[in-house]
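As a plain string of letters, each chain reads:
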Amino acid sequence: MTLKSNAPEDNHNRVFEELLSSHLDSLFRTAVRLCRGNIADAEDLLQDALLRAFDGFSSLREQTSARSWLFRILIHTNLNRVRARRRRPEDVESDLSEAAFEHALGSWQPFRSPLEDAHFAGLRDTLTSAINKLGDDVRPVIVLVDIEGFRQREVAELMQIPEGTVASRLFRARCALRSSLAGLRQQSGRRGKA
């Protein structure tokens, strides 16, 4: 009895895994930022996006454009999830009273490694909080341009919006961040004088 070889399929899987391994960290960081620091949501988002990428891997024409192709899938998967949440908000049942649930939710913070704590404790939390407060339309743009290093033209292609819209959203996001961080600086300055 001879076993049927899956050589082309095995090669396809191996190539996809190699491609993915070089971009997985930045994809996960971006997913976390898109999900406002919620690790569980980011993992779900990334898993959905990677399943879509695997299904469509044969459509990737040039491996040199793989990074933008993977980010495009991640961004569109996130946009689809945001739109779906707006159409049908989730109902959550809890054993906690509403007040206890709100208190627990308000005090929740995503898990950080000790290394992250050591390097980015104050500034990272402040900046992450400010980014998380940005609207769903501008947050992906600033994450892709200022954190992941994509050019505005590439982001326009990824998000399938005009480059002028990317520039406008980036400007609005940077202004909002600047204002938010300046407000925090003024508050900490008042606390220091008190």
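Computed from a predicted model, the values in this text were never measured in an experiment.

A. Representation of the packing of aromatic side chains within the structure. According to the stated counting rule, one finds 4 aromatic pairs in the structure shown. Seen in terms of ring centroids, Phe16 and Phe57 are 5.2 Å apart; in terms of plane orientation they differ by 75°. Their pairing is edge-to-face. Here Phe16, found in helix α1 (residues 7-34), pairs with Phe57, found in the loop between α2 (39-55) and α3 (66-87); they are 41 residues apart in sequence, far enough to count as distant. The exposure class of Phe16 is buried, given its relative accessible area of 6%. Here Phe57 and Trp69 contribute two aromatic rings whose centre-to-centre distance is 6.3 Å and whose plane-to-plane angle is 55°, an arrangement assigned as tilted. Of this pair, Phe57 sits in the loop between α2 and α3 while Trp69 sits in helix α3, and the two are 12 residues apart along the sequence. Assigned by exposure class, Phe57 and Trp69 land together as buried.

B. Representation of the packing of α3 against helix α7 (residues 152-159). α7 packs onto α3 with a crossing angle of 55° between their chain directions and a minimal axis gap of 8 Å. Between α3 and α7, the angle is such that the two are oblique. Remark: the crossing between α3 and α7 carries right-handed chirality. Judged by residue contacts, Ser68, Phe71, Arg72, Ile75 and His76 of α3 engage Glu157, Leu158 and Met159 from α7.

C. Structural context of the packing of α2 against α3. Two elements in contact, α2 and α3, have axes separated by 9 Å at closest approach and are oriented at 120°. The angle between α2 and α3 falls in the class oblique. In terms of crossing hand, the pair formed by α2 and α3 is right-handed. The residues of α3 that touch α2, namely those facing Asp41, Asp44, Leu45, Leu46, Asp48, Ala49, Arg52 and Ala53, are Trp69, Leu70, Ile73, Leu74, Thr77, Asn78, Asn80 and Arg81. Residues belonging to the contact of α2 with α3 are distributed by class as follows: 8 nonpolar, 3 polar and 5 charged.

D. A look at α2. Its 17 residues place the ends of α2 24 Å apart at the C-alpha level, agreeing with the 24 Å of an ideal helix rising 1.5 Å per residue. Along α2, the residues classified as buried are Ala42, Leu45, Leu46, Ala49, Leu50 and Ala53. Summarising the axial view, the buried residues of α2 lie within an arc of 130°, below the 170-degree limit, and thus occupy one face. The outward face of α2, more than 90 degrees from its buried face, is lined by the exposed residues Leu51 and Asp55. N-cap assignment for α2: the residue whose side-chain oxygen lies 3.1 Å from the backbone N of Ala40 is Asn38.

Conventions used here
Residues numbered from 1 in each chain as written. Predicted model: local features only at pLDDT ≥ 70, side-chain atom pairs only at ≥ 80, totals over all residues. Heavy atoms only, no water. Phe/Tyr/Trp six-rings, centres within 6.5 Å; stacked < 30°, edge-to-face > 60°. Helix = DSSP H or I, 4+ residues; strand = E, 2+ residues; numbered from the N terminus. Buried < 20%, exposed > 50% of the residue type's maximum accessible area, 1.4 Å probe, protein only. Axes fitted to C-alpha atoms, helices over the stretch in contact; angles between N-to-C directions. Parallel < 35°, antiparallel > 145°, perpendicular 65-115°, else oblique. Left-handed = near helix turned anticlockwise from the far one by under 90°. Contact = heavy atoms within 4.5 Å. Nonpolar A, V, L, I, M, F, W, Y, C, P; charged D, E, K, R; others polar. Expected span 1.5 Å × (residues − 1). Arc of directions from axis to C-beta. Polar contact = N/O pair within 3.5 Å; in protein donor to acceptor, adjacent residues only side chain to side chain.

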